[in-house]
Amino acid sequence: MDGQFEIVIYRLKPDVDRNRFLEISTQATDWLRTRPGYLGRELLEDDNGQWVDLVRWATMDEALAAASAFMEVPEAAAFMDVVEPESITMLHPRSVVIYE
């Protein structure tokens, strides 16, 4: 698969309404769609309350530029209000082998 993955793993704050979080996540996606190199986003949740954002970018530079710019917009403030900051792990792994 072409492009650069960005993987963000986190947990929500205990008192956060799931539906409200999904609204905030949709607003964040709307912003991401305006960024150069954005190819798509998938939001995953496991049974233990851990969330995974899987975002695909055309290049690493575009992924990093978007991550930096995101922290300056209102959508980021809303997102950070509902996420446990210490739970956040952000990865930009490179593709090694694609098995089909």
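Residues numbered from 1 in each chain as written. Predicted model: local features only at pLDDT ≥ 70, side-chain atom pairs only at ≥ 80, totals over all residues. Heavy atoms only, no water.

Participant: Explanation requested: helix H2 (residues 60–70) in the structure shown.
Facilitator: Because the α-helix completes a turn every 3.6 residues, residues three or four places apart line up on one side. Those residues of H2 that fall on the buried side of the exposure criterion are Ala63, Ala66 and Phe70. Each buried residue of H2 lies within a common arc of 70° when the element is viewed along its axis, so the set occupies one face. Contact partners of the buried residues in H2: strand S1 (4–11), helix H1 (18–32), strand S3 (50–57) and helix H3 (74–82). (Buried < 20%, exposed > 50% of the residue type's maximum accessible area, 1.4 Å probe, protein only. Helix = DSSP H or I, 4+ residues; strand = E, 2+ residues; numbered from the N terminus. Arc of directions from axis to C-beta. Contact = heavy atoms within 4.5 Å.)

Participant: Explanation requested: the nonpolar core in the structure shown.
Facilitator: Most often, soluble globular proteins keep nonpolar side chains buried together rather than apart. Within the largest apolar cluster, 21 residues are counted, with the highest numbers of intra-cluster contacts made by Tyr10, Leu12, Phe21, Trp57, Phe70 and Phe79. Every element with two or more residues in this core is listed here: S1, H1, S3, H2 and H3. At five residues, H1 tops the list of elements feeding residues into this core. Sequence-distant contacts of Phe70, that is, excluding residues within four places in its chain, are made with Ala28, Trp31, Glu75, Ala76 and Phe79. (Core = buried A, V, L, I, M, F, W, Y, C linked by side-chain atoms within 4.5 Å.)

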